[in-house]
Amino acid sequence: MGNVLGYIRRANGTRMRIQAMEHGEIGLLHISGAVVDFYATPKQLHRRGYRILRATPAVWQLWGQAIYGESL
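Residues numbered from 1 in each chain as written. Predicted model: local features only at pLDDT ≥ 70, side-chain atom pairs only at ≥ 80, totals over all residues. Heavy atoms only, no water.

### Regarding the overall build of the chain
Here is step 1 of the chain: When helices and strands are counted, the chain shows two helices and five strands.
Here is step 2 of the chain: Written out in order from the N terminus, the α and β elements of the chain read β-β-β-β-α-β-α.
Here is step 3 of the chain: Here the chain holds 72 residues, and 36% of them are scored as buried.
Here is step 4 of the chain: Taking contacts inside the chain between residues at least 6 apart in sequence as the whole, the part at least 24 apart equals 32%. (Helix = DSSP H or I, 4+ residues; strand = E, 2+ residues; numbered from the N terminus. Buried < 20%, exposed > 50% of the residue type's maximum accessible area, 1.4 Å probe, protein only. Contact = heavy atoms within 4.5 Å.)

### Digging into the nonpolar core
Here is step 1 of the chain: Residues I8, L29, I31, F38, L45, V59 and W63 are the most contacted members of the largest nonpolar core, which totals 16 residues.
Here is step 2 of the chain: Mapped onto this core, the elements with two or more residues apiece are β2 (15–22), β3 (28–32), β4 (37–40), β5 (51–55) and α2 (57–68).
Here is step 3 of the chain: Examining the composition of this core, we find that four residues originate from one element, α2, more than from any other.
Here is step 4 of the chain: Beyond its immediate stretch of four places on either side in the chain, F38 contacts M16, L29, H30, I31, L45, R48 and Y50. (Core = buried A, V, L, I, M, F, W, Y, C linked by side-chain atoms within 4.5 Å.)

### Side note on the pairing of strand β1 (residues 6–9)
Here is step 1 of the chain: For β1 and β2, the ladder comprises four bridges, and the chain directions are antiparallel. Within the sheet, the bridge partner assigned to Y7 lies in β2 and is R17.
Here is step 2 of the chain: What sits between the antiparallel neighbours β1 and β2 is a turn of five residues, in which G13 has the positive phi angle 100°.
Here is step 3 of the chain: Across four bridges, the pairing between β1 and β5 is antiparallel. Opposite Y7, over in β5, you have R54 as the bridge partner. (Pairing = 2+ DSSP bridges.)

### Here we look at the packing of aromatic side chains
Here is step 1 of the chain: One pass over the full model with this rule turns up one aromatic pair.
Here is step 2 of the chain: The side chain of R15 reaches across the aromatic face of Y7, ending 4.4 Å from its centre. (Phe/Tyr/Trp six-rings, centres within 6.5 Å; stacked < 30°, edge-to-face > 60°. Lys NZ or Arg CZ within 6 Å of the ring centre and 35° of its normal.)

### Section: the sheet that holds β4
Here is step 1 of the chain: Sheet architecture is open: five strands sit in the order β4-β3-β2-β1-β5, paired in antiparallel fashion. A single partner strand is all that each edge strand has here, and the edge strands are β4 and β5. Taking each pair of neighbouring strands and ignoring which way they run, the sheet shows an average axis angle of 30°.
Here is step 2 of the chain: The strands touched by α2 are β1, β2, β3 and β5; relative to β5, the strand with the most contacts, the crossing angle is about 155°. (Axes fitted to C-alpha atoms, helices over the stretch in contact; angles between N-to-C directions.)

And the structure:
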């Protein structure tokens, strides 16, 4: 994966990279695609239909805590 922390998939099937993770109270992920570049929490992404495809253990843990209330 190189410097990429993982990949997410949009509802339409488009794959996007997780470029960085900012630890803090809300835990933001830096998402980048061919046209877009933005920050969002895993909960915001999940509500918008994004699903995690592949990621580092730290990203999985953040995603699990945000979505399921526990680490995966």
